[in-house]
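Tertiary structure, described
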There are 2 protein chains.
Amino acid sequence: MDVQIDYGRLFSDDGAAFVPSPVRAIFKNYDFSRIISFAGGYPSPDTFRTDDILAAARDAFRAYGPGILQYGATEGAMQLRQAVSRKYGVPVDNIRITTSSQQGIDLCARIFVNPGDAVFVSQPTFLGAIQSFRSYRANIIGVKDTGFQAAITKARDEGLVPKFIYVIPDFNNPTGETLSLEARREIIGVARKESLMIIEDSPYRELRFSGEDVPSMYSMAPDCVLHLGSFSKILAPGFRLGWVFGPRQVLAQLVACKQSVDLCPPMLDQYIAAGLLDDGRLHDNLRNTVELYRGKRDFMLRMLEKYMPSGVSWTRPEGGLFIFLALPEAIDTVALYDRALSAGVAYVSGAFFHTDGSGRNTMRLNYSFMDKDRIEEGVRILAGLFRDCIV
Amino acid sequence: MDVQIDYGRLFSDDGAAFVPSPVRAIFKNYDFSRIISFAGGYPSPDTFRTDDILAAARDAFRAYGPGILQYGATEGAMQLRQAVSRKYGVPVDNIRITTSSQQGIDLCARIFVNPGDAVFVSQPTFLGAIQSFRSYRANIIGVKDTGFQAAITKARDEGLVPKFIYVIPDFNNPTGETLSLEARREIIGVARKESLMIIEDSPYRELRFSGEDVPSMYSMAPDCVLHLGSFSKILAPGFRLGWVFGPRQVLAQLVACKQSVDLCPPMLDQYIAAGLLDDGRLHDNLRNTVELYRGKRDFMLRMLEKYMPSGVSWTRPEGGLFIFLALPEAIDTVALYDRALSAGVAYVSGAFFHTDGSGRNTMRLNYSFMDKDRIEEGVRILAGLFRDCIV
């Protein structure tokens, strides 16, 4: 061939800025059947009910015929929007289906963020949201606790245009912590005062093991909250289905954008999800899932108590998939990573969930994916590594 | 509530620019069981083999277990990449799976287009591509026939940065026409000389009814072509699965972008598609699909001959889903649309497939979706409307 194309020269500035996720890069280089993985936010495959899923697919074809495999509405299949509406008590008009809740995050970023705009995230927060916001060149401002008002005022003073507040109120990824009712009220007050949207990312809300439900922020302020739900943790991640609750004017713009992005969500998956929601099988199984994860959380907490040296502390989540560890400042969890993998354990450094380079002495541990034997073994190995660092 | 949020003020410039597709808007306001629709690019649901699909799902769970419903690789499930590789003779390393070929188009636009960059499309071309390119603020330059070199030179003279050429070489949407081998060679020559990529959008390639296969542009120039394939027309649109063949460096950037967009394609769908590709059922059925569509194309062509007044001409495609009509200049197919719908027939005005406002005297007719009785009735009604306009 005559001329070698210089692909790099052709990439757009935004396109060239995408880098592979450090979390997902982890999974490529190792045979994970041999690694004790506390890294991914993976549900246990024991909770995936393949028989129910096949039955729901068969039922959907029987009830609606092959036509359900045609192109569908960008808004999502009406059967699924109605099933979600019945289950969660939100009007169909305020519900749209997304091809994963990651897509929900990305669509929100795309319809709101001009390059340079300010978005505010509770810190630490979900890496996938940081990546998406960054890809639209948002100024991502990490906020500790509920200091959103001060951060927004400061951003306005600096000439930035604030767009939204992004929070994971229920069992935050990565900390597992839940925002109190008072904190939710305060954030909603700030958003209304500042005339901003709140993106309430809520994939773990139904995985509560203990404590009392706190109302969703959407239920408290449907005028200024976009609530992102997901089937990944209540059915299976492979379905790539999520939902958005929100004001109709915002949803209309989100759907117009989604049309250009992938036209519509996968259809058979939507009908399976609708069937399992409607006949109660999804939530019957979810009760078992919650039991299973409660046991795993309790077990990991016990193992942390048993093995961790002093100077290590951790969160005690009431639900979700993660425990977050704070280590002595001397321990750099990014630098430690290769040693941990060599010793047979994977985790995600807390640094990746911070927007400002902090958090290198923290780490996220997932407890849903591994069985108890491996949880004990993994915690024991990590504790040994920490001891080596502290000495 | 105290303050009404002004959502419009919060939208990004790009986000606010999204408008619903005129084609998809059509489908919302009518009960399509009563309309003769030549509008959508819908496959016939008679070609969707629900039994095969259920069997493939069952087989996948038996062979691989529930773990296939876990989060998967952003690159696509290896089983599907391997099945596509075996079928189409492209190395696995040069194959990625996308969540629909619309997503393939959108990812290409996102990784290549800076606002203002020039992209070149054969005119008329696929509306969904125009929408996506426009959303990244590309300068979309429509090119008749193979006049790409002149258009690129002119764009460079005007200070624009050319990025890629977008073509649908096999049974173009909307015209149904196929690029000759010579035309493909010429476009590849231009791309290499100008050091640009070619996006070869090829969802209809396997729906050939007559004539001889022309080699894909990717097979002729794998260094500068991104080939987009789709399961929508060979399996079912509801699967939302496509593939990209291309140079590894470009695919790596595309995957890094996709990670932030939706993490991975739907998993069960991928395993079903892989199973049906591997055991030959997909292509066994495709032979029936091709027979069915050949009959429908032939029938629509005969009906056009039978009913259309003089002054109306049309393409005679060797495959794909569409016939394209050129009408006397006096007929405005955008203006005519409401009358046609009232008379019970839907089509898409050719104007939507042009980037420059031309094509108002053209229209796209789909023949795959309707049965023969309705094809005859619809053509008869359209011919009557044209006669009314010409008089």
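Given the structure is predicted, the values throughout are model-derived calculations rather than measurements.

So, about the packing of helix H6 (residues 101-112) of chain A against helix H7 (residues 127-135) of chain A. Residue and element names in this part refer to chain A. Remark: H6 packs on H7, axes separated minimally by 9 Å, with the N-to-C direction vectors making an angle of 30°. Relative to H7, the element H6 lies roughly parallel. Considering how the two elements wind past one another, H6 and H7 form a crossing that is right-handed. Contacts from Gln102, Ile105, Asp106 and Ala109 in H6 reach Gly128, Ala129, Ser132, Phe133 and Ser135 in H7.

A word on the pattern of salt bridges. When charged atoms on two side chains of opposite charge get close, those side chains can pair. By the definition in use, this model includes 48 salt bridges over all chains. A:Asp59 is the salt-bridge partner of A:Arg281, the closest N and O atoms lying 3.8 Å from each other. On the criterion of sequence distance, the pair formed by A:Arg281 in helix H13 (residues 281-307) and A:Asp59 in helix H4 (residues 50-64) is long-range, its members being 222 residues apart. A:Arg281 sits in the partly exposed class, given a relative accessible area of 22%. A:Asp59 gets classed as partly exposed once you look at its relative accessible area, which sits at 36%. Here B:Arg86 ties to B:Asp278 by a salt bridge, and the two come within 3.0 Å at their closest N and O atoms. Of the two residues, B:Arg86 is situated in helix H5 (residues 78-88) and B:Asp278 in helix H12 (residues 267-278); the sequence distance between them amounts to 192 residues. Of the residues examined, B:Asp278 reaches a relative accessible area of 44% and is grouped as partly exposed.

Attention now goes to the interface of chain B and chain A. Taken together, the contacts link 92 residues of chain B with 92 residues of chain A. The contact between chain B and chain A buries some 7,700 Å² in all, and 58% of this surface belongs to carbon and sulfur atoms. The tally of links between chain B and chain A comes to 2 salt bridges. Among the elements that take part in the side of chain B that touches chain A, helix H11 (residues 248-262) of chain B stands out by supplying 9 residues, more than any other. Across the side of chain B that touches chain A, the residue classes break down as 48 nonpolar, 26 polar and 18 charged.

What counts as what
- Residues numbered from 1 in each chain as written.
- Chains lettered and ligands numbered in written order.
- Predicted model: local features only at pLDDT ≥ 70, side-chain atom pairs only at ≥ 80, totals over all residues.
- Heavy atoms only, no water.
- Axes fitted to C-alpha atoms, helices over the stretch in contact; angles between N-to-C directions.
- Helix = DSSP H or I, 4+ residues; strand = E, 2+ residues; numbered from the N terminus.
- Parallel < 35°, antiparallel > 145°, perpendicular 65-115°, else oblique.
- Left-handed = near helix turned anticlockwise from the far one by under 90°.
- Contact = heavy atoms within 4.5 Å.
- Salt bridge = Lys/Arg side-chain N within 4 Å of Asp/Glu carboxyl O.
- Buried < 20%, exposed > 50% of the residue type's maximum accessible area, 1.4 Å probe, protein only.
- Buried area = accessible area lost by both parts, 1.4 Å probe.
- Nonpolar A, V, L, I, M, F, W, Y, C, P; charged D, E, K, R; others polar.

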